[in-house]
Amino acid sequence: MRPVGEIMRLQVQQSSLKVGERPLRRYDPTPILAVAALTLDEGGVTGWTAEGERVADVHHRDHPASKHRDGTNGVSVGFTGHYSALRDRFGAHLTDGLAGENILVASDRRWTLDDLADGLAIAAAGGARLRLERVIVADPCVEFTRYALRYPASARTDRAVTEGLIFLGAGVRGFYAAYTGAPSRIAVGDRVYLP
């Protein structure tokens, strides 16, 4: 296995990050909550605070307002190297984890879908090995792109937004993956590998 990096942040989206009605719908990162650990199961992820409180992720199939799509978006993964590229392009307001991925891996490089074609492996504390499979690009949305560009809610979408969407594509915004297997727990500090 080839090392990718260490998990430096785990988080859940407690509710949708897109708020309001079109054409004034906007991106709001307020529902993102950093957690100490995640449980992965076939329905997605569940967060656990340092105090042991369970926090559901909106992409889990059992969430009351679930945004789960046929098992393709139950787990999301991002990389710190991608955030460096985001800050270079859009500004310092795009802090690590702001795009809402569940697992943020410390890695200086940018990863592509080809790099992750065989999935990711996580070496959890206690020796457990988990496998994330069927990795796909998390396509960027207009709302996040407008947030990155610092567009006011009333501003019309224009060519700059289109160019931003293109930049954020191909995995720069992050990736979705599927997990199959028994429920398993991961924590900040666990190591991530290419299988």
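Residues numbered from 1 in each chain as written. Predicted model: local features only at pLDDT ≥ 70, side-chain atom pairs only at ≥ 80, totals over all residues. Heavy atoms only, no water.

> It is not clear to me how the layout of surface pockets should be interpreted in this structure. Could you clarify?
One water molecule sets the probe size; rolling that probe over the atoms shows where empty space is left. What the largest pocket holds in volume is close to 360 Å³. Of the residues that constitute the lining of the largest pocket, the class distribution is ten nonpolar, six polar and six charged. (1 Å grid on protein atoms, 1.4 Å probe; cavity = no way out; pocket = protein on both sides within 12 Å on 5 of 7 lines; lining within 4 Å. Points joined across faces, edges and corners; volume = space filled by probe spheres on them. Nonpolar A, V, L, I, M, F, W, Y, C, P; charged D, E, K, R; others polar.)

> Even after reading the chapter, I still don't get helix H3 (residues 159–168), so can you show me in this structure?
Residue pairs spaced three or four apart in an α-helix point in one direction, given the helix's 3.6 residues per turn. Residues of H3 that are buried: Val 161, Gly 164, Phe 167 and Leu 168. Projected onto a plane normal to the axis of H3, the buried residues spread over an arc of 120 degrees and lie on a single side. Turned more than 90 degrees from where H3 packs its buried face, Arg 159 and Ile 166 sit exposed. Buried residues along H3 sit in contact with helix H1 (80–90) and helix H2 (142–149). At the N-terminal end of H3, a side-chain oxygen is found 3.1 Å from the backbone nitrogen of Ala 160, two or three residues along, and the residue is Asp 158. (Buried < 20%, exposed > 50% of the residue type's maximum accessible area, 1.4 Å probe, protein only. Helix = DSSP H or I, 4+ residues; strand = E, 2+ residues; numbered from the N terminus. Arc of directions from axis to C-beta. Contact = heavy atoms within 4.5 Å. Polar contact = N/O pair within 3.5 Å; in protein donor to acceptor, adjacent residues only side chain to side chain.)

> Would you mind showing me how to read the nonpolar core here?
Side chains of a nonpolar character, in soluble globular proteins, are inclined to be buried together. Ranked by internal contacts, the top residues of the largest apolar core, which has 29 residues, are Leu 38, Leu 40, Ile 103, Leu 132 and Ile 186. If you list the elements that add at least two residues to this core, you get strand S1 (2–13), strand S5 (37–41), strand S8 (75–79), strand S9 (103–106), strand S10 (120–123), strand S11 (129–137), strand S12 (175–179) and strand S14 (191–194). Among all residues touching Leu 40, those that are not within four sequence positions of it are Val 45, Val 75, Leu 130, Leu 132, Tyr 179, Ala 182, Pro 183, Ser 184 and Ile 186. Grouped together as the second largest cluster of nonpolar side chains are 17 residues, Tyr 27, Leu 94, Leu 98 and Leu 104 included. (Core = buried A, V, L, I, M, F, W, Y, C linked by side-chain atoms within 4.5 Å.)

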